[in-house]
Amino acid sequence: VDACNTTEDFNAVLADARRTALVVGPGALPATGGEEHLRDIIQSAIASPKTVVLDGDVFRAYEHQPHHLLGKLDPARHVLTPHHGEFIRLFGALD
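Conventions adopted
- Residues numbered from 1 in each chain as written.
- Predicted model: local features only at pLDDT ≥ 70, side-chain atom pairs only at ≥ 80, totals over all residues.
- Heavy atoms only, no water.
- Buried < 20%, exposed > 50% of the residue type's maximum accessible area, 1.4 Å probe, protein only.
- Helix = DSSP H or I, 4+ residues; strand = E, 2+ residues; numbered from the N terminus.
- Pairing = 2+ DSSP bridges.
- Core = buried A, V, L, I, M, F, W, Y, C linked by side-chain atoms within 4.5 Å.
- Contact = heavy atoms within 4.5 Å.
- Salt bridge = Lys/Arg side-chain N within 4 Å of Asp/Glu carboxyl O.

Right, let's talk about the pairing of strand β2 (residues 51–54) for a bit. A one-sided burial pattern is seen for β2, the buried positions being V52 and L54 and the unburied ones T51 and V53. The sheet contact formed by strand β1 (residues 21–24) and β2 spans four bridges and is parallel. Bridge pairing in β2 links A21 to T51.

This brings us to the nonpolar core. Counting residues in each nonpolar core, the largest one holds 20 residues, and the members touching the most others are V24, I42, L54, V58 and L69. Those elements that place two or more of their residues in this core are α1 (7–15), β1, α2 (28–32), α3 (35–47), β2 and α4 (57–61). Of the residues forming this core, the biggest block, five residues, is contributed by α3. Once you skip the residues sitting within four places of it in the chain, L69 turns out to touch I42, I46, L54, V58, Y62 and L90.

Turning next to the pattern of salt bridges. Tallied over the entire structure, the rule returns six salt bridges. R18 is the salt-bridge partner of D16, the closest N and O atoms lying 2.8 Å from each other. In this structure, R77 and D74 form a salt bridge, with 3.4 Å as the shortest nitrogen-oxygen distance. A relative accessible area of 21% means that R77 is categorised as partly exposed. If you follow the salt bridges from partner to partner, you end up with D16, R18 and R19 in one network.

Structurally, the position occupied by E63 is in the loop between α4 and α5 (67–70). The exposure class assigned to E63 is partly exposed, which follows from its relative accessible area of 31%. Distance from E63 to L80, taken between C-alpha atoms, is 14 Å for residues 17 residues apart in sequence.

Right under this line is the structure:
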């Protein structure tokens, strides 16, 4: 597992055919410099052919516009792993 601290690091991982899966989200907002930049990274990740696990700050980045994320996911390649609070941010409370 390697951390991507820059856009260049992330692009290198995306380009590396040996890496077949990515985890995006845990601790990403401070590292990326904001929600818009994180959303750009997430969009690049889910557009790639790699399996992508989305967690943590992903749900904060899409809290006000979940359709921009959910409408682009492929259940065969993309996995959401929210805890209860993150789930509510994205989907709202279930009564």
